[in-house]
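# Structural characterization, general
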Amino acid sequence: MNPHYPTVAARAAHRCEYCYAPEVVFNSPFEVEHVFPPLRGGSDDDSNRALACRSCNVFKRDYVDGLDLETGSTERLFHPRLDGWSEHFRIEAETGRILGLTPVGRATIERLRINSPSQVSARRQWARLGLFAHARSRENPQGGARSRER
Ligand SMILES: [Zn+2]
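A brief look at the structure comes next. (Residues numbered from 1 in each chain as written. Predicted model: local features only at pLDDT ≥ 70, side-chain atom pairs only at ≥ 80, totals over all residues.)

### Observations concerning the overall build of the chain
Selection criterion: Only DSSP runs of H or I with at least four residues qualify as helices, and only runs of E with at least two residues qualify as strands; both kinds are numbered from the N terminus onward. With C-beta atoms placed from the backbone, a residue is labelled by how many other C-beta atoms lie within 10 Å of its own: buried for 20 or more, exposed for 12 or fewer, partly exposed between the two. C-beta atoms are first placed from the backbone for all residues, and any pair lying within 7 Å is then listed as a contact.
Tallying secondary structure elements over the chain gives six helices and six strands in all. Expressed as a percentage of its 150 residues, the buried residues of the chain come to 29%. Look at the contacts in the chain between residues 6 or more apart in sequence, and 59% of them connect residues 24 or more apart.

Shown next as structure tokens:
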């Protein structure tokens, strides 16, 4: 096992830091990955490590950007250490899809295939089990963040 797993997994609360998959329903530990690949100059310390499920990590590979299908532009990928998840993504409880709220969010969803049929199907089961309840309440529009006084 990756020697950094205990620290990185605890920091991530045992969820994939890209698609928010709950590690508890998997039969093997999630993977410690470099957010920015060392081959492209990424550091080898905790500020450049994240916890990723197999699916996200397989498609992320050494990519650092992806295509925003809404604008057609190439955008950098979501950075779990620098970006806030709920700034870029929202879980659509009814469909099990994850919506990209920003160009970075949409490019990450496309590159990591976060809304692939198997991802969406699994996510709907996790939602049924209440494993996305926290994320849903965090995304609740009544919870604030919506209105800011001008
Ligand atoms: Zn994932």
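### A closer look at the nonpolar core
Note the cut-off: Joining buried Ala, Val, Leu, Ile, Met, Phe, Trp, Tyr and Cys residues through C-beta atoms within 7 Å gives a set, and that set is a nonpolar core.
If you look at the biggest cluster of nonpolar residues, it comprises 25 residues, and the most contacted ones within it are Cys 16, Tyr 18, Cys 19, Ala 52 and Cys 56. Looking at this core, the elements that each hand over two or more residues are strand 2 (49-52), strand 5 (89-92) and helix 4 (103-112). The leading source of residues in this core is helix 4, at four residues. Here Ala 52 is in contact with Cys 16, Glu 17, Tyr 18, Phe 30, Glu 31, Glu 33, Asn 57 and Lys 60, once residues within four sequence places are set aside.

### As for the environment of Ser 55
Structurally, the position occupied by Ser 55 is in helix 2 (residues 54-60). Of the residues examined, Ser 55 has 19 C-beta atoms within 10 Å and is grouped as partly exposed. Ser 55 sits 57 residues away from Leu 112 along the chain, and the two C-alpha atoms are 7.6 Å apart.

### Some points on helix 4
Turn by turn, an α-helix covers 3.6 residues, leaving residues three or four places apart pointing in a common direction. Judged by how many residues are buried, helix 4 sits mostly within the fold: eight of 10 residues are covered. Inspection of helix 4 places Val 104, Gly 105, Arg 106, Ala 107, Thr 108, Ile 109, Arg 111 and Leu 112 among the buried residues, and these make up the whole buried set. Those residues of helix 4 hidden inside the fold are in contact with helix 2, strand 3 (65-68), strand 4 (73-76), helix 3 (85-88), strand 5 and strand 6 (97-100). In the stretch just after helix 4, Arg 113 is the one whose phi turns positive, near 50 degrees.

### Some words on the pairing of strand 2
Here is the rule: Here a strand pair is declared whenever DSSP counts at least two bridges between the two strands.
On strand 2, burial covers both faces: Arg 49 and Leu 51 on one face and Ala 50 and Ala 52 on the other are all buried. In this sheet, strand 2 lies alongside strand 1 (residues 31-34) in antiparallel orientation, the contact comprising four bridges. If you follow His 34 over to strand 2, its bridge partner there is Arg 49.

### Observations regarding unusual backbone geometry
Phi angles above zero are rare outside glycine, and Tyr 20 is one such case at about 70 degrees. Among the residues examined, Tyr 20 registers 23 C-beta atoms within 10 Å and is labelled buried. Even without being a glycine, Arg 61 presents a positive backbone phi close to 45 degrees. Along the chain, Arg 61 turns up in the loop between helix 2 and strand 3.

### As for the pairing of strand 4
For strand 3 and strand 4, the ladder comprises four bridges, and the chain directions are antiparallel. The residue of strand 4 that forms the bridge with Asp 68 is Ser 73. Between strand 3 and strand 4, which pair antiparallel in sequence order, lie four residues; one of them, Gly 72, sits at a positive phi of approximately 80 degrees.

Honestly, that's just the spatial picture; any functional story needs more than this.
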